[in-house]
Each structure stands twice: as C-alpha cells, then as structure tokens.
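Listed below are the residues making up each chain.
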Amino acid sequence: MDRKEFRDLASPADAREAIRALSLGAGTERVPLAEARGRVLAERIDADLDVPGFDRASLDGYALRARDTFGADEADPADLAVVGEVHAGEEPSLDVGDGEAVEISTGAVMPPGADAMVPVERTDLDDGRVRVRTSVAPGDNVMFAGADVAAGERALGPGTRLTPREVGLLSALGVEEVPVRARPRVGIVSTGDELVRPGEKLRSERGEIYDVNSYSIAAGVEDAGGEAVLYPHAGDDREEMERLLREAADECDLVLSSGSTSASAVDVIYRVIEERGELLLHGVSVKPGKPMLVGRLDDSAYVGLPGYPVSAMMVFRTFVAPAIRGAAGLPEPAAATVAGRMAIQARSEQGRHRLLPVGLLADGDGGTLVYPVDKGSGATTTLAEADGVVEVDAGTDYLEAGESVDVALFSADVRPPTLFGVGEDDPTLNRLLDRLGNPRYLPVGSRPALRRLREGVPDVAVVAGPLDRAVEGAKLGGWSREWGLVVPADDPDGIGGLADLVERDLRFVNRTTDSGLRTSLGNAVAELADERDTERRALVAAIDGFDLGLRAHESPARRVLAGEADAGLGLRETADRLDLGFVPLGEQRVRVLANPERREKPGVRELAAALDEVGGA
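Predicted, not measured: the structure shown is a model, and the values here were computed from it.

Colleague: What is the right way to read the sheet that holds strand β7 (residues 116–119) from this model?
Modeller: Each strand in a sheet pairs with another by means of backbone hydrogen bonds, the pair being arranged parallel or else antiparallel. The six strands lie next to each other as β7-β4-β6-β5-β9-β8, forming an open sheet whose pairing is mixed. Since the sheet does not close on itself, it has two edges, and those belong to β7 and β8 (123–126), each with one partner. Direction aside, the axes of adjacent strands within the sheet are offset by 35° on average. By the bridge criterion, four bridges tie strand β4 (residues 61–64) to strand β6 (residues 100–104) in an arrangement that is antiparallel. Pairing of L64 across the sheet is with A101, part of β6.

Colleague: It is not clear to me how the packing of helix α4 (residues 238–251) against helix α5 (residues 269–276) should be interpreted in this structure. Could you clarify?
Modeller: Axis angle and axis distance: for two packed helices, these are the angle between their axes and the distance between the axes, and together they describe the pair. Between α4 and α5, the least distance of the axes is 10 Å, while the angle of their chain directions is 55°. For the element pair α4 / α5, the angle class is oblique. In terms of crossing hand, the pair formed by α4 and α5 is right-handed. Here R238, M241, E242, L245 and R246 of α4 come into contact with α5, specifically with I269, R271, V272, E275 and R276.

Colleague: Is there a simple way to explain the pairing of β4 in this structure?
Modeller: Each regular strand displays side chains that alternate between the two surfaces of the sheet. Across four bridges, β4 lies against β7 in antiparallel orientation. From the neighbouring strand, Y62 faces β7, where its bridge partner is V118.

Colleague: Can you help me understand the pairing of strand β13 (residues 185–190) in this one?
Modeller: When you tally the buried positions in β13, you get five out of six residues, the bulk of the element. By the bridge criterion, four bridges tie β13 to strand β16 (residues 227–230) in an arrangement that is parallel. Paired with I188 across the two strands is L230, which belongs to β16.

Colleague: Would you mind going over helix α2 (residues 164–172) with me for this structure?
Modeller: Because each turn of an α-helix spans 3.6 residues, side chains separated by three or four positions in sequence point in the same direction. All buried positions along α2 are accounted for by R165, E166, V167, L169 and L170. Immediately downstream of α2, the backbone of G174 shows phi near 75°, a positive value.

Colleague: I keep staring at the pattern of salt bridges and nothing clicks. Help me out?
Modeller: Any two side chains of opposite charge can pair, on the condition that their charged atoms come close. For the coordinates displayed, the defined rule picks out 38 salt bridges. Here D124 ties to R133 by a salt bridge, and the two come within 2.8 Å at their closest N and O atoms. Overall, the relative accessible area of 32% leaves D124 in the partly exposed class. Exposure remark for R133: the relative accessible area of 15% places this residue in the buried category. What you see here is one network of salt bridges that share partners, running through R44, D46, R154 and D434.

Basis of the calculations
- Residues numbered from 1 in each chain as written.
- Predicted model: local features only at pLDDT ≥ 70, side-chain atom pairs only at ≥ 80, totals over all residues.
- Heavy atoms only, no water.
- Pairing = 2+ DSSP bridges.
- Helix = DSSP H or I, 4+ residues; strand = E, 2+ residues; numbered from the N terminus.
- Axes fitted to C-alpha atoms, helices over the stretch in contact; angles between N-to-C directions.
- Parallel < 35°, antiparallel > 145°, perpendicular 65-115°, else oblique.
- Left-handed = near helix turned anticlockwise from the far one by under 90°.
- Contact = heavy atoms within 4.5 Å.
- Buried < 20%, exposed > 50% of the residue type's maximum accessible area, 1.4 Å probe, protein only.
- Salt bridge = Lys/Arg side-chain N within 4 Å of Asp/Glu carboxyl O.

If you want it as structure tokens, here you go:
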C-alpha cells in the first residue's frame, strides 16, 4: 500500500506566507447601493452635490433679514409684517423684503431675500405681525447648502468598509451604484464516502455522518467577506474528486476542500494537486490542523482543510479567513467594546442620559484615545466620522481629558485610523489621502485645525495661509496652490480682479471664516483698502456676498456653475476641473503640521513620505 508520509512539517509562519503567495485578489465591480452593505470601496467617492442642496431653516420660526433685528431685545422687540409661510418640501413662492418675515418650518427652504431666521420661542405673533425679541446675524439658525456635505468634497476613500452609516451618507449624496472590491469566490468541496448532506437519510450503521464542514466553512467564508459556492459532495473516488476540484477551480478564486488530506493511501487529493497544479506544502506543525494542504490548481488557489469539523474550523479561522479578508479589503475583527482615554474634555448636559458619538485614534505610545464627534442631529457625517458611542449618565457634567471610558463600537471590526487629520479642504490633499492605508480626515478649516492641534487631538493639521511661529517647528511638508476668483467660462462680466467686486454690482460667493482662502482674501481686501486710503470695512460692505461664506473649496465654484453667482472664491484647479474661468489673485502655501508627540507614528511617517514624493516642503 502506497502511503504519503508527513515529513518536514511547515511552520505556521510558512503556512501563512504560502497562502499569502496565492494572491486571492478578485478585482473590482459595481454594485447597487441597496446591496453595498459590508462591501469595501475600490476607489474614492467625491460628493457630486451639496447636502443639503439648498439653504434651509434649522428650527421652526420666522425667516427674515438679519438687519431688521439689529438692536432688538426683550424690552424693545423688532416689529415685522408676516407675509406668508414656507413648509418643508415646498418651494417658496415669495420674497422677503425690508420689515417682513415669513413663518418657516424646520428643514424648509429659506425664501429669497431672507438671510437668517429666528426661533419661534423668541417671538410673539399678533394680528399678522411678529415681534422679534432678539437680534440675529446673517446666517443664524440656517444650514446653508453644502454645510453637511459639500459638492466636490472627499466623501469616502478607497478601502472604506460600507456599514449602514456609510450607506446612509452615500444615499444622501444620491449615489446609485458604488465601485467595490469584488468578493473572492470560494468553492467548497467536502470529500469522504462517510459524508451525507443534511436532509438526506443517515445510515449510522455504515459509519455515515452529516456534512458539517461544507456549511460551517461556507458561513466562515461569508463572514470573512467572501462569496461561498457549495459544490456537490465528493466521495473518495479519484475521478469524481478531480472533476469537482477542476470545475471549482474554473469558477472560483479559491478552492477549499475538507477531508482526504491525511497520509492514508485512500486519500488522493494531494496527488490530484501535484498532477494538475502545484503543491506548495503538505502538513503544518500546528494542533489541531496538521494535515493541511496549500497549493495551486490550474489558475485557482487551493487549500485543503482537515476532515474533523473542529480542526477544519480552527485551520480556516487561523490561516484562511485572514487571506479572504485581505482579498476582500476587510480588517481583522475586533471586540465590540474597547477601552480608551478621552483626548479632550467633553461636556454633557446634566439631567439627561447621553449617547456621545466618538472617534478612536492611537496615541504616540500605542494607547487608544477617544474624541467626541458631534456635528448636530441633522448632519449625516456624524455617523460616518464616529466609531462608536460612550454613554454618559445623567449626573455627569463632563468627561475630563485623560479620563478612562468604554466605547461601544458601531461594528466589531472598527479600527482606529492609521492617521487622523483635520484642516483645509484641498484637492491635492485628497490625492495624498488616497495613497494612505486607513486615514480619517475632517475638513474643519485652518483656524479650528490649529486649535485642535494645540489641544493635542489630531495627528496632523492641514492649514493654509500665514502661520504663527509657535507652530512652524511642527511642519511636516506642504505645497502651493493658486487662488483667486472663479467666474463663468465665457466671463460675460469681464471680471479682471478684486476691484471689480468692490466697484460693480456683482454677486460674489465667499468661503467661511475658518478657511485659509478667506484669510488670504481678507488680506487682499486690506491691501486694496490701503492703496485707496480707505477703511477695509468699507470695501467689504461694497462686495455683495462677502459676509456669507460656504464651507468647502468647490462650493463657491458650484454656485457660479449653476448661474447663481458672478464670481466665487476658489482655486485654479477647481476652475479647470469644472471648465470655468479663473481670475488669479495669488499663490497660497498649504502646510501639514504634525502633532509633536506623534511624528514617529506609522501613519504620520507614511504621510511624510507621500509629501516628499509630491515635492512638498
């Protein structure tokens, strides 16, 4: 009797390396959003529209002109005429003029002419007129178009696992199909004359047992992110076994068999692999699981698992599942709850039990830091940016920085990002982030980024414009960008520079005060005021739209593209990409600043290397 002996058993490390060498990558595919849960993005998805797509009221109350409330208080309210009402889901049919107000519902479109709204609690209605007992500034209680997600903004990056929170964000962006990593197709063939499929009659007197491995391994494949394909049961007949294995190899990226891997003369699978492919190893020094096969069958990868169900699952989970997860782009699973330390103080409203959404990041020593993520109940991105929830009881005023907390993760496979950054929204930065392993980036603007960096929360801050000397030493790299006025492609107004915005009746769209571009524009206005020997505020007042800014770098350009503005503050790269005209106003440096305590963190070093490749200095 010819018998294959186990000799020179491979080490577990060698077994893992052999399986990694099989290259299980299955490519990419596009799937409907309804089927995208659990899949992994194959490429970056940018927002094609603003969310919300219109300026909307944040509360129930009255839409009005902010200047009509200046000086109003409890003792001396502003008296305005109520000229109509606007409800959520309907288009406003009137404009708001001087001394007028419109009753408005939460989420409703702000009517033309109104630049703020006042909550109903601060008003009194009497006979068609409303008395406003507080003053408001332009933009108060209004969520502007793009305030949640702005058109052109990096919404999700490649490698992102699509959980319900990301699917919700994509649906808010109107995404119908998403490009994802294809799930590895894994063919499963159970062997052995003793096996019977569940549902069939079991003859115990012949030593028959139900086929456990086919179903347990298939469930493990699906759990690891693969697509399980069950093939008919094969006995110990060599020809039938070879036929099924070759059929599975033709149709799948990986073939798994269970049973018939021991050194018995009747166990013939290893001979099939040797003759039809390549046997990389037979036998691993691990218990349970010694009789494992690794090889190639035609163009497919092959792994032979032990026949005993416990051994088969142990080997699968230890050696095969990580390879399937890697091919599907999925991380290793983790516990559903993690312990960490608060990165900064988080205040809470006493008297109410709070579920605080938080993000996780690794500090410079490998510990877990927890930071609050809360952009408001109406912001979809709160979910996309958070990793879990910290429960704060009703008697707690705040969580102190450094305090230990337990985080209930949104999913068990959540991992802290390899790099956590905050700051400017910039197209060059988006391309850099695409090259990193698992970054998280919040486009909060330059000023908040510097504040958060001083608090010690992010790994890096990306800022534009002049810097304080105190943070110059933290510079990791940077690049230059050309900024100016984005105008229509044919520039019908013939805009030549900043002076045109001051001297002519042109509609202008600005960025928010947190933006580095807004800072550079403000400096340019100040220089123009000096040249004209006048005050800066006089020029600002002459520019229609200067005081109301949008958050993301493409948002003003999108307004110009839609014909809603004559000029917008933006970048040449944005204008070129959207086929718009551009009036240059200057060059601006964008700098990446590192948290001094985390310069040696792998994610920070990875970003530094990427910056060097693009010539950032």
